[in-house]
Amino acid sequence: MNERFIVPNPESKLGAMPEPTGLNYFEADPNMDFLLSLYSKKDYKDAFKNLWKLGGMAGDEIDQLSREADRHPPELQQFNKAGERVDNVKYHSSYERMEDIGYIEFGLVAMSHRQGIMGKQSRYSRVMKYSFWYLFAQAEFGLCCPMSMTDSAAKVLDEYGDDNLKQTYLPKLLSTDKDNYWTAAQFMTEKQGGSDVGENTLLAEKDGDKWFLTGDKWFCSNVSADVALVLARPKGAEKGTKGLAMYLVPKFLPDGKRNQYYINRLKDKLGTKDMASGEVSFNRAEGYLVGTVENGFKQMMSMVNSSRLSNAVRSAAIMRRSYVEALYSARGRRAFSNRLADLPLMKESLFELMIDSEAAASMIYFTANIFDKADVGQKSAQGLLRMLTPLLKGYICKRARYVSAEAMEIRGGNGYIEEWVNPKLVRDAQLGSIWEGTTNIVALDILRAIRKNHSDEHLLEECEKVIANLESPHLKQVSKIISAECQQIMKECEKIKKLNVSEMDLAAKRFMNKLYHFIVTAALLAEADYEIIHRSSHRKLFLLLHYYNRYIKQIQNNEIFDRSILEWSEKVINWEPIPYSATEKLIESLSAIKINH
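Residues numbered from 1 in each chain as written. Predicted model: local features only at pLDDT ≥ 70, side-chain atom pairs only at ≥ 80, totals over all residues. Heavy atoms only, no water.

**Some points on the overall build of the protein**
- A tally of regular secondary structure across the protein gives 18 helices and eleven strands.
- By principal-axis analysis of the C-alpha atoms, the protein measures approximately 75 × 60 × 45 Å.
- Split into buried and exposed, the 597 residues of the protein put 60% on the buried side.
- Of the contacts made within the protein by residues no fewer than 6 positions apart, 75% connect residues no fewer than 24 positions apart. (Helix = DSSP H or I, 4+ residues; strand = E, 2+ residues; numbered from the N terminus. Buried < 20%, exposed > 50% of the residue type's maximum accessible area, 1.4 Å probe, protein only. Contact = heavy atoms within 4.5 Å.)

**Some points on the nonpolar core**
- Counting 196 residues, the largest nonpolar core has Leu51, Phe132, Phe282, Ile396 and Tyr516 as its most contacted members.
- Looking at which element gives the most residues to this core, the answer is helix α8 (residues 344-375), with 17 residues.
- The residues touching Ile396, leaving out its near neighbours within four places in the chain, are Ala312, Ser315, Ala316, Met319, Ala360, Met363, Ile364 and Tyr516. (Core = buried A, V, L, I, M, F, W, Y, C linked by side-chain atoms within 4.5 Å.)

**What to know about the packing of helix α2 (residues 41-71) against helix α4 (residues 126-137)**
- Orientation of α2 relative to α4, taken along the N-to-C sense of each, is 15°, at an axis distance of 8 Å. Here α2 lies roughly parallel to α4, going by the angle between them. As for the relative orientation of α2 and α4, their crossing is right-handed in sense. Residues Asp43, Tyr44, Ala47, Asn50, Leu51, Leu54, Gly55, Ala58 and Ile62 of α2 lie in contact with α4, whose contacting residues are Met128, Ser131, Phe132, Leu135 and Phe136.
- When its residues are assigned to classes, the contact of α2 with α4 shows ten nonpolar, three polar and one charged. (Axes fitted to C-alpha atoms, helices over the stretch in contact; angles between N-to-C directions. Parallel < 35°, antiparallel > 145°, perpendicular 65-115°, else oblique. Left-handed = near helix turned anticlockwise from the far one by under 90°. Nonpolar A, V, L, I, M, F, W, Y, C, P; charged D, E, K, R; others polar.)

**Description of the confidence of the model for the protein**
- For the protein, the mean per-residue pLDDT works out to 93, and 97% of the residues sit at or above 70.
- For the protein, the element scoring lowest by mean pLDDT is helix α14 (residues 501-506), at 82; helix α3 (residues 93-105) scores highest, at 98. (pLDDT = per-residue confidence, 0-100.)

**Overview of the layout of surface pockets**
- A volume near 1,100 Å³ is recorded for the largest pocket.
- If you go around the largest pocket, you meet 39 residues; those closest to its centre are Met188, Ser195, Arg308, Glu436 and Gly437.
- Of all elements in the fold, only α5 (144-160), β5 (210-221), α7 (296-332), α10 (422-432) and α11 (439-453) reach the threshold of two or more residues within the lining of the largest pocket.
- Ranked by residues supplied to the lining of the largest pocket, first place goes to α11 with six residues.
- Lining the second largest pocket we find 22 residues, and of these Tyr160, Lys298, Met301, Ser302 and Asn305 sit closest to its centre.
- Of all the secondary-structure elements, those providing two or more residues to the lining of the second largest pocket are α5, α7, α8 and α9 (379-411).
- The leading source of residues in the lining of the second largest pocket is α7, at eight residues. (1 Å grid on protein atoms, 1.4 Å probe; cavity = no way out; pocket = protein on both sides within 12 Å on 5 of 7 lines; lining within 4 Å. Points joined across faces, edges and corners; volume = space filled by probe spheres on them.)

**Digging into the pattern of salt bridges**
- Enumeration according to the criterion identifies 46 salt bridges in this entry.
- A salt bridge links Glu205 to Lys235, with the nearest nitrogen and oxygen atoms 3.8 Å apart. In this pair, Glu205 sits in strand β4 (residues 203-207) while Lys235 sits in the loop between β6 (227-234) and β7 (245-250), placing the two residues 30 residues apart along the sequence.
- For Lys235, a relative accessible area of 62% translates into the label exposed.
- Between Glu205 and Arg284 there is a salt bridge whose closest N-O contact spans 3.9 Å. Residue Glu205 is found in strand β4, and its partner Arg284 is found in strand β9 (residues 277-290); the two are separated by 79 residues along the sequence. (Salt bridge = Lys/Arg side-chain N within 4 Å of Asp/Glu carboxyl O.)

**Description of unusual backbone geometry**
- If you check the backbone angles, Thr272 has positive phi at about 40° while not being a glycine.
- As for its position among the elements, Thr272 is in the loop between β8 (261-266) and β9.
- Using a relative accessible area of 2% as the deciding quantity, one classes Thr272 as buried.
- Non-glycine residue His454 carries a positive phi angle of around 55°.
- Tracing the backbone shows His454 in the loop between α11 and α12 (455-468).
- The partly exposed category is assigned to His454, whose relative accessible area is 33%.

**Focus on the packing of aromatic side chains**
- One pass over the structure, following the stated rule, counts 15 aromatic pairs.
- Members of the aromatic cluster, each reached through a chain of ring pairs, are Phe26, Tyr44 and Phe48.
- The ring of Tyr124 has Lys120 lying over it, and the distance from NZ or CZ to the ring centre is 5.4 Å.
- Cation over ring: Arg258 sits above Tyr261, and NZ or CZ is 5.8 Å from the ring centre. (Phe/Tyr/Trp six-rings, centres within 6.5 Å; stacked < 30°, edge-to-face > 60°. Lys NZ or Arg CZ within 6 Å of the ring centre and 35° of its normal.)

**Points about the pairing of β4**
- When β4 meets β5, the two strands line up antiparallel, connected through five bridges. Note on β5: the bridge partner recorded for Lys206 is Trp211.
- With antiparallel pairing between neighbouring strands as the criterion, β4 and β5 make up a hairpin whose turn holds two residues, including Gly208 at a positive phi of roughly 70°.
- As defined by bridge partners, β4 adjoins β6 across two bridges and the pair is classed as parallel. In the strand pairing of β6, Leu203 is matched with Arg233. (Pairing = 2+ DSSP bridges.)

**Some thoughts on helix α15 (residues 508-535)**
- The end-to-end C-alpha separation of α15 is 39 Å, in line with the 40 Å expected for 28 residues at 1.5 Å each.
- Counted residue by residue, α15 has 21 buried out of 28 residues, so it is predominantly covered.
- A positive backbone phi angle near 50° is found at Ser536, which sits one or two residues after α15. (Expected span 1.5 Å × (residues − 1).)

**With respect to the packing of α2 against α3**
- Running from N to C, α2 and α3 point in directions that differ by 150°, and their axes come no closer than 8 Å. Considering the angle they form, α2 stands roughly antiparallel to α3. Our pair here, α2 against α3, has a crossing hand that is left-handed. Residue-level contacts link Lys53, Met57, Glu61, Ile62, Leu65, Ser66, Glu68 and Ala69 of α2 to Ser94, Tyr95, Arg97, Met98, Ile101 and Glu105 of α3.

Next comes the structure, spelled out in structure tokens:
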């Protein structure tokens, strides 16, 4: 595999309006090649052809289908011509074709649950799975929601469902047969509850050995799902989340009759317009208890946590797509007698989008690797994952809003026009911060992970491991800087455990951002070491130093970093080899400020 995939530089001409139509998103992404080589070298070799295939489809067919589906949202048919209640959601053919690609052709839901997907004789790792999702989501964000919920529902059923539920529903949820696969949803949100799920009132009543659900759910994405995992409160159960149980509610009962719940209307959303979200009323709908009555909320949160990481992957994909669009446009359009990409301030803008999108990808792969370790029972990995999942969801999903908006501005007036992809990216990016818990909710969840699960201790262990495994002597001074920063983070974690809860909660988002930036530098440190040893380049070290200066400890005299962008950004963007000399003065500057600090 060629290590230098450069986004095409179109021939500039007066009035050029470049757009990277038909670009292979995998072939054009050397960072993805690098991260896969670092985290999953053997599986990467086996999956290369399919990644290349999906990258080409994402940049061409899926992208065009996604834009078409966005212009033709689903419609709800509540009654048939005989006046019978049917509640059918009719999707545009372009959306249905994307379903075939995602569920069937690439098995994006089933790939980490069972063997046989795309000919692989074992399950795909999380690292490989999220690589495929990352490519798909650069073209299509909305469909990833139903796929993610189906994926998470399968995991919940496998962990908590009884044998009958597993045998009945898992084969359908994990099927890649076009005529025999089902999708899933999670119905959790109610009008009066919102993020405060403990206020939910949907009632579950037991009649003999059956459960029947009555009440309303206010926001139900993938409302047309074949099955939904639903939180409801058994009659007489205590208040709060401890009184909630989880039920699997099928659209159709075993006898073929429609279950007794109804879609009242579809939501008219800002983004993800091609995927149906709606409001649902249950009128003694039959549901099957999943797990134990008293653990419904905990079980649902295991589904939510899995979906949160998937959400971060999708937002990271939007960041990557936005950066590619901005780079392609800036390189192919001229102003003031120069390519836009050659103007100093545009260099800074492109560098910012690149470093943000690349950092997000680093965090996705770092966390997916931890997830793989957690899946095989590593306790430390499980403890660290408890913190990483809300952390990535909180920061990356929020940052995707900024990156997509900046990329729109770089394209100028064209970027504001719906015929171009930027408005769709901006609209879809807004949802990441709202789905699966708002930024406030996940920031507080990070504090809980520290207070209750001691995730900070596992983070310290991982940081120490990264530093202990470094091979390059060029990283000696930088590792001291990162180590000192780690100690500062640990001190703040101790405060979180000891100080007034309200006081610490007030600063939760600021701490979340700080924690994210620190872990990015730790991940980049490991990447820099690998690149120096195996590729004889210091590009990742260059990015690490800039990231640290930009987001953690900016030096007062910033000219040295600005000059390095002017001198090296083109080569960094093109993934050309970067010599150690390009980083020496940056290291000196940061080392000095750490000593003074």
